[in-house]
Amino acid sequence: LTGLLAGLYPALKISGYKPLSYITGKGIENPLAGRKFRRVLIVLQFGFSLFFIVISIFVIRQFTHMKEADLGFNREDVLYIRTKGRVWDRYPMIKQELEQLAFVNAVSSASDIPVEVGYGEIDWGERDGDHNKFARVIRTSPGFLSTFEIDLLEGEFYTLERDTANYNYVVVNRSLVDYMGWEDPVGREMYLWGHDRYILGIVEDIQFFPFNLPAFDNEALIYVYEPVHDYVFLRLNPGSSAAQLETIREVFQKHNPGYELEFDYVRNFKFGVLENADGISIIFKVFAAVAIVIAIMGLIGLSLFNNNRRTKEVGIHKVMGAQTESVMNLLLSELMKLVILSNLVALPLAYLVLWKLFQYFSYSTELKFAVFVLVFILSV
């Protein structure tokens, strides 16, 4: 589409000239004809290029930010292992052996990797009040908070000593308490999935889902007790060696023979939008480069056109003793005005688009003013 629009005007314009007139420049009645239109075209072309360059920069920065952002918990040095085979039945024994290893600091299990908690449509709230339909739910076991170093603000978390009594409780995050307006939440009765439970503890908020969805008008997260679920997590000492990872593999092979152990670090986990982030980043980089080339071609074309048209004017200035600097200012003044105007159009528009786009993310990179200033300076 860009190629079609860019080539349409010159193709139609040139087709209206006789070849000799076009090559020599003679026989064209009004050399100033179309001057305003040329200015509009160059502003639109250069503005489009600047717009796409800025968008590309911040989209790439956003992908990087989502990989490295502080989510309110420590995802460094944490292994995640998909639960399969006999791990479901032998998890207590596996957990006990793993915790005896000197380089293992904590072991737990949960239904989700906390960077993307998927389950959300539930029935919860106060028994006598309106029930809320949406809140994220993660099924966790004792040790989950210590595994991810999530702060406990009030009350307690699930423990093995409490055993089946854990099912009578829920642990909620600070945002749920704020959403409900509770002053003393610990011990309060709460309705969940058709049963009354008691709030055991309050934990600090974490970024548990990358997107803001219209259905979720709060950041409520409910921790429900489950001794073992889809994932097993291990917090290791920093810089764990291959030999230590092999020891972990041997423990799982001992209790779960016939299943190959597959694991990775939580920091490497790529949820939904990040699965193709590297490829998308490359595409945006290529398109940004193309946008720069298009902008440069437009400016070169306009500058050559203006310079050829003003040959006699430049000659008169030189004869009258004008220095090179003054001649350069004469030739560049119109281009500079167009480039600055393109910036004034494209950069605010790019900011508004990015601001709107980043509202769909739970956590986003900062729209730094310095980036816009740098693009402006480089374009000029």
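Structure shown above.
Residues numbered from 1 in each chain as written. Predicted model: local features only at pLDDT ≥ 70, side-chain atom pairs only at ≥ 80, totals over all residues. Heavy atoms only, no water.

Enquirer: Would you mind showing me how to read the overall build of the protein here?
Expert: Scanning the protein for helices and strands turns up 11 helices and 12 strands. Computed over the C-alpha atoms, the radius of gyration of the protein is 32 Å, more than 25% above the 21 Å expected from 2.2 N^0.38 for a compact globule of 380 residues. Looking at the 380 residues of the protein, the share that counts as buried comes to 41%. With an accessible surface of roughly 21000 Å², the protein has 59% of that area assigned to carbon and sulfur atoms. (Helix = DSSP H or I, 4+ residues; strand = E, 2+ residues; numbered from the N terminus. Rg over C-alpha atoms; globule rule 2.2 N^0.38 Å. Buried < 20%, exposed > 50% of the residue type's maximum accessible area, 1.4 Å probe, protein only. Areas by Shrake-Rupley, 256 points an atom, 1.4 Å probe, with all protein chains shown as cover.)

Enquirer: Sorry, what's going on with the nonpolar core here?
Expert: Side chains that are nonpolar tend, in soluble globular proteins, to be buried together. Judged by nonpolar contacts, the single largest core of 77 residues is most densely connected at Trp124, Phe144, Ile222, Tyr223 and Phe233. By residue number, the principal contributor to this core is helix α3 (residues 35–68), which donates 11 residues. Here tyrosine 223 is in contact with Ile138, Thr140, Phe144, Ile150, Phe157, Tyr158, Val170, Val171, Val203 and Ile206, once residues within four sequence places are set aside. By size, the runner-up hydrophobic cluster in this structure holds 20 residues, among which are Leu79, Ile94, Leu101 and Val104. (Core = buried A, V, L, I, M, F, W, Y, C linked by side-chain atoms within 4.5 Å. Contact = heavy atoms within 4.5 Å.)

Enquirer: Looking at this structure, how should I read the packing of helix α8 (residues 277–309) against helix α10 (residues 324–358)?
Expert: Helix packing for two helices is described by the angle between their axes and how far apart those axes are. For the pair α8 and α10, interaxial distance at closest approach is 10 Å and the crossing angle is 150 degrees. Comparing their axes, α10 and α8 come out roughly antiparallel. The handedness of the crossing between α8 and α10 comes out as right-handed. Along the contact surface, α8 presents Leu299, Leu302, Ser303, Asn306, Asn307 and Arg309, while α10 presents Leu331, Glu334, Leu335, Leu338 and Val339. (Axes fitted to C-alpha atoms, helices over the stretch in contact; angles between N-to-C directions. Parallel < 35°, antiparallel > 145°, perpendicular 65-115°, else oblique. Left-handed = near helix turned anticlockwise from the far one by under 90°.)

Enquirer: Can you walk me through the pairing of strand β3 (residues 121–125) in this structure?
Expert: Note on strand geometry: in a regular strand, side chains alternate between the two faces of the sheet. As defined by bridge partners, β3 adjoins strand β4 (residues 132–134) across two bridges and the pair is classed as antiparallel. Across the sheet, the residue bridging to tryptophan 124 is asparagine 132, located in β4. (Pairing = 2+ DSSP bridges.)

Enquirer: Would you take a moment to explain the packing of aromatic side chains for this structure?
Expert: Here the distance between the centres and the angle between the planes together describe a pair of aromatic rings. Enumeration according to the criterion identifies 21 aromatic pairs in this entry. Relative to phenylalanine 284, the ring of phenylalanine 52 has its centre 6.1 Å away and its plane inclined at 15 degrees; by these criteria the two rings are stacked. Within this pair, whereas phenylalanine 52 is found in helix α3, its partner phenylalanine 284 is found in helix α8, the two being separated by 232 residues in sequence. Judged by relative accessible area, which is 19%, phenylalanine 284 ranks as buried. Lying over the aromatic face of tyrosine 169, arginine 162 brings its terminal NZ or CZ to 5.7 Å of the ring centre. The cationic tip of arginine 267 hangs over the ring face of tyrosine 265; the distance from NZ or CZ to the ring centre is 4.5 Å. (Phe/Tyr/Trp six-rings, centres within 6.5 Å; stacked < 30°, edge-to-face > 60°. Lys NZ or Arg CZ within 6 Å of the ring centre and 35° of its normal.)

Enquirer: Help me understand a nonpolar patch on the surface, please; the structure alone is not making it clear to me.
Expert: Nonpolar side chains collect at one region of the surface, where Met328, Leu332, Met336, Ile340, Leu341, Leu344, Val345 and Val380 lie side by side and expose about 650 Å² of accessible area between them. By the secondary structure assignment, leucine 344 is in helix α10. (Patch = residues over 30% accessible without salt bridge, like charges linked within 9 Å, V, L, I, M, F, W, Y side chains within 5 Å. Salt bridge = Lys/Arg side-chain N within 4 Å of Asp/Glu carboxyl O.)

Enquirer: Quick question: what am I supposed to make of the pattern of salt bridges here?
Expert: Note that side chains of opposite charge can pair when their charged atoms are close. All told, the structure shown has 11 salt bridges when counted by the stated rule. For glutamate 149, the salt bridge is made with arginine 235, and the minimal N-O distance between the two is 3.8 Å. Residue glutamate 149 is found in the loop between α5 (144–148) and β6 (152–155), and its partner arginine 235 is found in strand β11 (residues 231–236); the two are separated by 86 residues along the sequence. Using a relative accessible area of 44% as the deciding quantity, one classes glutamate 149 as partly exposed. Judged by relative accessible area, arginine 235 falls into the buried class, the value being 5%. Two residues, arginine 174 and aspartate 178, come together in a salt bridge whose shortest N-O distance is 3.9 Å. One end of the pair is arginine 174 and the other is aspartate 178, both in helix α6 (residues 174–180) and four residues apart, which spans about a single turn. Linked by salt bridges that have partners in common, Arg174, Asp178, Glu204 and Asp205 make up one network.

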